[in-house]
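Listed below are the residues making up each chain.
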Amino acid sequence: MPMTWSEIILAIAVVMAGTMLTRFLSFIVFREQNALMDYLSTLLPAAAMAMLVVYSFKDVNVFTGSHGIPEAIAGLLCVLLQIFFKNVLLSMAAGTVCYMYLVQYLFV
């Protein structure tokens, strides 16, 4: 049985209220900056990048296929670009393009 217009509007309003509550609750709870917030703001970006690296290399099998060579080359390119240019977007974009080129054309 399909929903009536009033049920649709009520469902949208409940979802909007829940979304707004979850978005604004962190600003209400953490109104002032404290030592924990300072610590987390310095720690979490590096932790997120470390998780991305682990996720990127978790399924690499050095005993089959291309032996992880494209992944190693693209990862090394990301590291070198980050060291020299210190631009995260450049490093990630160049590493992704390099990896896709390698797996599509060189390591078929």
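Novice: Help me get a handle on a nonpolar patch on the surface, residues and values and all.
Specialist: On the surface, Ile12, Met16, Met20, Leu21, Phe24, Leu25, Phe27, Ile28, Val29 and Phe30 cluster together into a nonpolar patch covering about 1000 Å² of accessible area. Mapped onto the elements of the fold, Val29 is located in helix 1 (residues 5–29). The exposure class of Val29 is exposed, given its relative accessible area of 55%.

Novice: If you had to explain the pattern of salt bridges to someone new, which residues and values would you point to?
Specialist: Opposite charge on two side chains makes pairing possible when the charged atoms of those side chains draw close. Applying the stated criterion across every chain, the model contains 1 salt bridge. One salt bridge connects Lys58 with Asp59, and the closest N-O pair in it is separated by 2.8 Å.

Novice: For the side chain of Glu71, give the residues involved together with the corresponding values.
Specialist: Of note, Glu71 is situated in helix 3 (residues 69–85). Buried within the structure, Glu71 lacks any salt-bridge partner; Lys58 is the closest side chain of opposite charge, at an N-O distance of 12 Å. A distance of 3.5 Å separates the side chain of Glu71 from the side chain of Tyr99, its partner in a polar contact. In contact with Glu71, not counting residues within four places along its chain, are Phe57, Val60, Ser66 and Tyr99.

Reading the values: the criteria
- Residues numbered from 1 in each chain as written.
- Predicted model: local features only at pLDDT ≥ 70, side-chain atom pairs only at ≥ 80, totals over all residues.
- Heavy atoms only, no water.
- Patch = residues over 30% accessible without salt bridge, like charges linked within 9 Å, V, L, I, M, F, W, Y side chains within 5 Å.
- Areas by Shrake-Rupley, 256 points an atom, 1.4 Å probe, with all protein chains shown as cover.
- Salt bridge = Lys/Arg side-chain N within 4 Å of Asp/Glu carboxyl O.
- Helix = DSSP H or I, 4+ residues; strand = E, 2+ residues; numbered from the N terminus.
- Buried < 20%, exposed > 50% of the residue type's maximum accessible area, 1.4 Å probe, protein only.
- Lys, Arg positive; Asp, Glu negative; His and termini not counted.
- Polar contact = N/O pair within 3.5 Å; in protein donor to acceptor, adjacent residues only side chain to side chain.
- Contact = heavy atoms within 4.5 Å.

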